[in-house]
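Structure assessment
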Amino acid sequence: QRATKFEQKCCTRVPIPPGGLTEEDVRTMIDKALLNYSADQIAKFDFALESAGGHVVDSSDTYDPSETKPQLFGFTLPITLSRTSPGHIIQPLVLPGDCWCFQGTKGYALIKLATSVIVDAVTLQHLPKELSPDGKINSAVKSFRVLGKNSPDEQGKVLGTFEYKTDSIPIQTFDLANNKDSFDYVQFQ
């Protein structure tokens, strides 16, 4: 049942022409879908991606899970939870528990982009509920604001305020088409 819900959210239905689909039509659709998936799943270059030259230059304090002792049936487990760096937010993998957590309920990350660019959209990705051990993604960002900057110290220009919908698809792109300015940095708050 989870897979069916996931497919309904993620799969786009293609109208079938009156004459039906040819084998070539199906192959073309599959090739386009595979190309889109292999291109960082959204078919747009990621200027914030660390392997492309982006990096996190400033951020909120990282949550330290070593202060929390995992328990099972009331017994403290002798394991240490790992702490990840803010750089995880600009990595291409999304795995359960492999994320950056900041202290408290509000945080920020300032990212130096690979090159100065007109920021026309931002994309947030979180682990799908279907891949979460408990079927929940309470740790996902909810409301966030995006600022464009040309130096780390400047106030920045607000590019938009958005809501990540946890009941929607895991990769969500937010349009900034009204922005015509180029920036070297983006800040998420």
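The following refers to the structure shown. Here the structure is a predicted model, which means the values were calculated and not measured.

Within the protein, the regular secondary structure consists of two helices and nine strands. Put simply, the protein runs from its N terminus to its C terminus through helices and strands in the order α-α-β-β-β-β-β-β-β-β-β. Sorting the 189 residues of the protein into buried and exposed places 27% on the buried side. In the protein, the proportion of contacts linking residues at least 24 apart, taken out of those at least 6 apart, comes to 66%. When the accessible surface of the protein is totalled, it reaches about 12,800 Å², and 54% of it is carbon and sulfur.

On to the environment of G156. Summarising the element assignment, G156 is placed in the loop between β6 (143-149) and β7 (157-163). Among the residues examined, G156 registers a relative accessible area of 27% and is labelled partly exposed. Sequence separation between G156 and Y185 is 29 residues; the distance between their C-alpha atoms is 9.1 Å.

With that settled, the discussion passes to the sheet that holds strand β9 (residues 182-188). Judged by pairing direction, the sheet is antiparallel, and its five strands sit side by side in the order β1-β4-β9-β6-β7 without closing on themselves. A strand with exactly one partner marks an edge of an open sheet, and here the two such strands are β1 (55-59) and β7. Each strand of the sheet is rotated relative to its neighbour by a mean of 30°, with strand direction disregarded. Here β1 runs beside strand β4 (residues 109-118); their pairing, made up of four bridges, is antiparallel. Residue pairing across strands places S59 opposite A109, the latter belonging to β4.

Here we take up the nonpolar core. For soluble globular proteins, the rule of thumb is that nonpolar side chains tend to be buried together. Formed by 19 residues in total, the largest nonpolar core has its most connected members in L113, V119, V122, F144, V146, F174 and F188. V146 has contacts with V122, K157, V158, L159, G160, F162, Q187 and F188, leaving out every residue within four places of it along the chain.

Further remarks concern the pattern of salt bridges. A full pass over the atoms with the stated rule returns two salt bridges. For K157, the salt bridge identified is with D181, shortest N-O distance 2.8 Å. Taken together, the positions of K157 in strand β7 and D181 in the loop between β8 (171-175) and β9 put the pair 24 residues apart, joining distant regions of the chain.

Moving on, we get to the side chain of H126. Inspection of the secondary structure assignment puts H126 in the loop between β5 (121-125) and β6. Look at H126 and you get buried, because its relative accessible area is 19%. Sequence-distant contacts of H126, defined by excluding residues within four places in its chain, comprise V94, I137, S139, A140, Y164 and P170.

In this section: the packing of aromatic side chains. For the structure on display, the rule yields four aromatic pairs. Each ring, one from F144 and one from F162, has its centre 5.6 Å from the other, and the planes form 40°; the classification is tilted. One end of the pair, F144, is in strand β6; the other, F162, is in strand β7, with 18 residues separating them in the sequence. On the basis of relative accessibility, which here comes to 3%, the residue F144 falls in the buried class. Among the residues examined, F162 registers a relative accessible area of 16% and is labelled buried. Ring centres of F144 and F174 lie 5.1 Å apart, and the angle between their planes is 80°; this geometry places the pair in the edge-to-face category. Here F144 is found in strand β6, whereas its partner F174 is found in strand β8, with 30 residues between them in sequence. Each member of the pair, F144 as well as F174, carries the same accessibility label: buried. An aromatic cluster is defined as three or more aromatic residues linked by ring pairs; in this entry it consists of F144, F162, F174 and F188.

Definitions and cut-offs
- Residues numbered from 1 in each chain as written.
- Predicted model: local features only at pLDDT ≥ 70, side-chain atom pairs only at ≥ 80, totals over all residues.
- Heavy atoms only, no water.
- Helix = DSSP H or I, 4+ residues; strand = E, 2+ residues; numbered from the N terminus.
- Buried < 20%, exposed > 50% of the residue type's maximum accessible area, 1.4 Å probe, protein only.
- Contact = heavy atoms within 4.5 Å.
- Areas by Shrake-Rupley, 256 points an atom, 1.4 Å probe, with all protein chains shown as cover.
- Pairing = 2+ DSSP bridges.
- Axes fitted to C-alpha atoms, helices over the stretch in contact; angles between N-to-C directions.
- Core = buried A, V, L, I, M, F, W, Y, C linked by side-chain atoms within 4.5 Å.
- Salt bridge = Lys/Arg side-chain N within 4 Å of Asp/Glu carboxyl O.
- Phe/Tyr/Trp six-rings, centres within 6.5 Å; stacked < 30°, edge-to-face > 60°.

Purely geometric numbers; function is a separate question.
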